Amino acid sequence: MGVQDSGSSADNEYPDGSVRLRNPHIQLMDQDILYHLALGSESHDLVSMFGDVKFVCLGGTPKRMEQFAFSIMDEIGHKLPAGTTLLDISRYSYRYSMYKVGPVLAISHGMGIPSVGILLHEVIKLMYHARVRDPIFFRIGTCGGIGIEGGTVVISEDAVDGLLRPTLELPVLGKLLQRPAKLDKKLARELKSLASAEDPYDTVTGRTMCTYDFYEGQGRLDGAFCDYTEADKMHYMTQIHKAGVVNIEMESLSFAALTHHAGIKAAVVCVTLMDRLKNDQVLAPKEVLDEWQSRPQILVSRYIKRYLSMKGRLSLDGPGGSMCVKSPRRFKLVQQESETYD
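Residues numbered from 1 in each chain as written. Predicted model: local features only at pLDDT ≥ 70, side-chain atom pairs only at ≥ 80, totals over all residues. Heavy atoms only, no water.

J.: How should I be thinking about the packing of aromatic side chains in this particular structure?
T.: For any pair of aromatic rings, the description rests on two quantities: the centre-to-centre distance and the angle between the ring planes. Under the definition given, this model contains 5 aromatic pairs. Centroid distance Phe 55 to Phe 138: 6.5 Å. Interplanar angle 25°. Geometry classified as stacked. Residue Phe 55 is found in strand E4 (residues 55-59), and its partner Phe 138 is found in strand E7 (residues 136-145); the two are separated by 83 residues along the sequence. For Phe 138, a relative accessible area of 0% puts it in the buried group. In this structure an aromatic cluster arises from ring pairing among Phe 55, Phe 138, Tyr 303 and Tyr 307. Between the NZ or CZ atom of Arg 220 and the centre of the ring of Phe 214, over which it lies, the distance is 3.8 Å. (Phe/Tyr/Trp six-rings, centres within 6.5 Å; stacked < 30°, edge-to-face > 60°. Helix = DSSP H or I, 4+ residues; strand = E, 2+ residues; numbered from the N terminus. Buried < 20%, exposed > 50% of the residue type's maximum accessible area, 1.4 Å probe, protein only. Lys NZ or Arg CZ within 6 Å of the ring centre and 35° of its normal.)

Here it is in structure tokens:
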């Protein structure tokens, strides 16, 4: 039996909407070093650098998130000062990449639950230190479809594990901690409403299965090991499809559980690269895949643009993620720690 996490996600917000941490030890620390982002609470002026953030967009690869950063810059009319370009704020970490475009952060999260979990711990702390109010988190990624064709955009209604449980399990101090993985239903509906009838592809909602492994955990037949038959695989895929699963990926469970635990509104938007009821391998040519991967970005961009337009915040000017150092000595320490920390 696991230990259910206690407390409501609503407890993690202050009355003004700023993020509250569920960790009393942070306030007692001389400096909170965000190792994997190459940032620190005393080395950098995080309020000046990130205090205006409203949207945090996470995706798998540094290249994809760099492309998204340039794309969202065009969409919201953000102008960089002459002679400047977008800066990878976390370049000294050599692990994740982070770009800031006005109120939007675009960050790569790597692959799988451990990688996205590490990032979320530090990004949620970043929101706290920067005194960000009511941030909205998006995961923008790729997945395998279940009964839907490649190129289909999927907005996750729920995230479940390989046993169809909507819970993230994590061994902590010898006990199995269980955190509910919940996404914001209203946000999912709002995203779905932004799908256009003129889009040359379908946008659907449904249950997303998140696995701990790309091969056996997803029932693939093309891994180095496979102790089941194709009939076994098809039976399993058919069963989860009947249970409402429309896609499989490797991050949504952790993403949903940690954002919910932090009281942060969040959504997962992915594009399918194949129908797993038909094949296991990605067969579409690169130029097709590149276009498919832009589709979740387009939908999230529509949401961000509409929100900023309603708030009268389009066409913003400002630096593309400039570094604001409070303490050169501590900055050097953070840079050294991030370069060597495993």
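J.: Help me understand unusual backbone geometry, please; the structure alone is not making it clear to me.
T.: Negative phi is the rule for most residues except glycine; trans is the rule for most peptide bonds. At Asp 134, a position not held by glycine, the phi torsion is positive, near 45°. By the element assignment, Asp 134 lies in the loop between helix H3 (113-129) and E7. Accessibility expressed as a relative area gives 34% for Asp 134, which makes it partly exposed. One non-glycine residue with positive phi stands out, namely Leu 164, at about 65°. By the secondary structure assignment, Leu 164 is in the loop between strand E8 (153-160) and strand E9 (167-172). The class of Leu 164 is partly exposed, set by a relative accessible area of 29%.

J.: Looking at this structure, I do not really get the packing of helix H4 (residues 185-193) against helix H7 (residues 286-310). What am I missing?
T.: Pairs of packed helices are described in terms of their axes, by the angle between the two and the distance that separates them. In contact at an axis separation of 9 Å, H4 and H7 are set at 100° when each is read in the N-to-C sense. Here H4 lies roughly perpendicular to H7, going by the angle between them. Where H4 approaches H7, its residues Leu 187, Glu 190, Leu 191 and Ser 193 are matched on the opposing element by Leu 299, Tyr 303 and Arg 306. Class assignment of the residues belonging to the contact of H4 with H7 gives a composition of 4 nonpolar, 1 polar and 2 charged. (Axes fitted to C-alpha atoms, helices over the stretch in contact; angles between N-to-C directions. Parallel < 35°, antiparallel > 145°, perpendicular 65-115°, else oblique. Contact = heavy atoms within 4.5 Å. Nonpolar A, V, L, I, M, F, W, Y, C, P; charged D, E, K, R; others polar.)

J.: Got a minute to help me understand the packing of helix H2 (residues 62-76) against H7 in this structure?
T.: In contact at an axis separation of 10 Å, H2 and H7 are set at 35° when each is read in the N-to-C sense. Seen along the crossing, H2 lies across H7 with a hand that is right-handed. Contacts between H2 and H7 involve Arg 64, Phe 68, Ile 72, Glu 75 and Ile 76 from the first element and Gln 293, Gln 297, Ser 301, Ile 304, Lys 305 and Leu 308 from the second. Across the contact of H2 with H7, the residue classes break down as 5 nonpolar, 3 polar and 3 charged. (Left-handed = near helix turned anticlockwise from the far one by under 90°.)

J.: Is there a simple way to explain the layout of surface pockets in this structure?
T.: Any empty space left between atoms is shown by rolling a water-sized probe over those atoms. Considered as a void within the structure, the largest pocket measures approximately 420 Å³ in volume. Lining the largest pocket are 17 residues, and of these Leu 21, Arg 22, Asn 23, His 121 and Lys 125 sit closest to its centre. When residues of the lining of the largest pocket are traced back to their parent elements, those giving at least two are H3 and helix H6 (252-261). Among the elements that line the lining of the largest pocket, the one with the most residues is H3, at 6 residues. Counted by class, the lining of the largest pocket contains 7 nonpolar, 5 polar and 5 charged residues. (1 Å grid on protein atoms, 1.4 Å probe; cavity = no way out; pocket = protein on both sides within 12 Å on 5 of 7 lines; lining within 4 Å. Points joined across faces, edges and corners; volume = space filled by probe spheres on them.)

J.: How should I be thinking about the pairing of strand E12 (residues 245-249) in this particular structure?
T.: Here is the key point about a regular strand: its side chains alternate between the two faces of the sheet. Most of E12 is tucked away: 5 of the 5 residues are buried. Direction of pairing for E7 relative to E12: antiparallel, over a ladder of 2 bridges. Bridging across to E12, Gly 144 finds its partner in Ile 248. Strand direction decides the pairing type here: strand E11 (residues 203-210) and E12, joined by 4 bridges, are parallel. Looking at E12, one finds that Cys 210 is bridged to Glu 249. (Pairing = 2+ DSSP bridges.)

Purely geometric stuff here, so don't read any function into it on its own.
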